Amino acid sequence: MRFFVSGMPGVGKTTLAKRIAEALREKGYSVGGMITEEVRSGGRRVGFRVVALDTGEVGRLAYVGQGYPRVGKYVVDVEGLERVGVPAIRRAIESADVVIIDEIGAMEFKSNEFVRVLGEALKAEKPLLATVHRRYVDRYRVLGEYYWLTPENRNSVFMEVLSALLRVLGNENAGY
Ligand SMILES: Nc1ncnc2c1ncn2[C@@H]1O[C@H](COP(=O)(O)OP(=O)(O)OP(=O)(O)O)[C@@H](O)[C@H]1O
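Not measured: the values here are computed from a predicted model.

S.K.: Help me out: how do you make sense of the environment of valine 115 in this one?
M.R.: Residue position: valine 115 is located in helix 3 (residues 112–123). On a C-alpha basis, the gap between valine 115 and valine 86 in space is 9.2 Å, while along the polypeptide they are 29 residues apart.

This is how it looks when you write it as structure tokens:
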């Protein structure tokens, strides 16, 4: 069973992914993968970091500056993503109950390793929750359950995704 959540910038995709991870853990399930957080300085967004859901390890994903590869004003730290985010997703595919990938977007696609592990996650017979940048939604929405998050529906989407995951996890033979 795969869930893809997209929405406008800042609508709460990362928050949803974190809340799902937390709620599943409270029920005793193991959750792995990666979360993307913004890095702020002096009230301004200066970059992004990835956090491994199982270990809490942090890696740089992007920063404002000169360099390559770029996405808008950001330089993507492919090495940081491949040191922390990609292995976290791989560990989750191997040993977690649920895989979370926040997010599938232009920065992440600068890494061939990310593209590869995303393919593995999509092939795996394991529940997956991925947030997707709106530019790539059409590619992924057909592969599972799809939600366009808004301030109005974010609580109901949270409940819906969580209960579907709990249903699948509670019945190993349900098939998905
Ligand atoms: N369910 C919610 N209830 C209250 N506040 C929320 C909720 N979801 C998100 N927020 C707030 O909205 C802001 C943006 O949330 P978040 O970073 O999760 O959005 P995002 O969609 O992942 O953003 P981005 O476009 O940067 O990926 C945060 O300050 C967060 O606290």
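S.K.: Help me understand the packing of aromatic side chains, please; the structure alone is not making it clear to me.
M.R.: In this description, an aromatic ring pair is defined by two values, namely the gap between the centres and the angle between the planes. For the structure on display, the rule yields four aromatic pairs. Each residue in the set Phe109, Phe114 and Tyr136 is aromatic and connected to the rest through ring pairs, giving one cluster. When the ring centre of phenylalanine 158 is taken as reference, the NZ or CZ atom of arginine 19 above it lies at 3.9 Å.

S.K.: What exactly am I supposed to notice about the pattern of salt bridges here?
M.R.: Under the defined criterion, the tally for this structure stands at nine salt bridges. Residues lysine 18 and glutamate 37 are paired through a salt bridge, measuring 2.8 Å at the closest nitrogen-oxygen approach. One end of the pair, lysine 18, is in helix 1 (residues 13–26); the other, glutamate 37, is in strand 2 (residues 31–41), and 19 residues separate them in sequence. Classification of lysine 18 as partly exposed rests on a relative accessible area of 34%. For glutamate 57, the salt bridge identified is with arginine 83, shortest N-O distance 3.4 Å. Remark: arginine 83 occurs in helix 2 (residues 78–95) and glutamate 57 occurs in the loop between strand 3 (44–52) and strand 4 (58–64); sequence separation between them is 26 residues. Residue arginine 83 is classed as partly exposed on the basis of its relative accessible area of 41%. Linked by salt bridges that have partners in common, Lys18, Glu37 and Arg49 make up one network.

S.K.: What is the right way to look at the site of the ligand in this model?
M.R.: Around the ligand, the neighbouring residues are Pro9, Gly10, Val11, Gly12, Lys13, Thr14, Thr15, Arg19, Arg45 and Arg154. At a separation of 2.9 Å, an oxygen atom of the ligand approaches a polar side-chain atom of lysine 13. Burial of the ligand by the protein chains amounts to 58% of its free accessible area of 630 Å². Class assignment for the residues of the shell around the ligand results in two nonpolar, four polar and four charged.

S.K.: Any chance you could explain the sheet that holds strand 5 (residues 70–71) here in plain terms?
M.R.: Strand pairing in a sheet is mediated by backbone hydrogen bonds. Such pairs are either parallel or antiparallel. Sheet architecture is open: nine strands sit in the order 5-6-4-3-2-7-8-1-9, paired in mixed fashion. Edge positions in the open sheet fall to strand 5 and strand 9 (145–149), since each of these has one partner strand only. Two strands pair when backbone bridges link them, and strand 1 (residues 2–7) and strand 9 are joined in this way by five bridges, in the parallel orientation. Its bridge partner lying in strand 9, phenylalanine 4 is registered against tyrosine 146. Strand contacts of helix 3: strand 1, strand 2, strand 7 (98–104) and strand 8 (128–132), with the helix running at about 140° to strand 7, the strand carrying the most contacts.

S.K.: Teacher, can you tell me more about the pairing of strand 3 here?
M.R.: As a general feature of sheets, a regular strand has side chains that alternate between the two faces. In the sheet, strand 2 pairs with strand 3 via eight bridges, with the strands oriented antiparallel. Paired with serine 41 across the bridge in strand 3 is arginine 44. Two successive antiparallel strands, strand 2 and strand 3, enclose a turn made up of two residues, where glycine 42 displays a positive phi of approximately 60°. Inspection of the sheet shows strand 3 paired to strand 4 by five bridges, in the antiparallel sense. Bridge pairing in strand 4 links valine 50 to glycine 59. The hairpin formed by strand 3 and strand 4 contains five residues between the paired strands, and glycine 56 there has a positive phi angle of roughly 80°.

Analysis parameters
Residues numbered from 1 in each chain as written. Predicted model: local features only at pLDDT ≥ 70, side-chain atom pairs only at ≥ 80, totals over all residues. Heavy atoms only, no water. Helix = DSSP H or I, 4+ residues; strand = E, 2+ residues; numbered from the N terminus. Phe/Tyr/Trp six-rings, centres within 6.5 Å; stacked < 30°, edge-to-face > 60°. Lys NZ or Arg CZ within 6 Å of the ring centre and 35° of its normal. Salt bridge = Lys/Arg side-chain N within 4 Å of Asp/Glu carboxyl O. Buried < 20%, exposed > 50% of the residue type's maximum accessible area, 1.4 Å probe, protein only. Near = heavy atom within 4 Å. Polar contact = N/O pair within 3.5 Å; in protein donor to acceptor, adjacent residues only side chain to side chain. Areas by Shrake-Rupley, 256 points an atom, 1.4 Å probe, with all protein chains shown as cover. Nonpolar A, V, L, I, M, F, W, Y, C, P; charged D, E, K, R; others polar. Pairing = 2+ DSSP bridges. Contact = heavy atoms within 4.5 Å. Axes fitted to C-alpha atoms, helices over the stretch in contact; angles between N-to-C directions.

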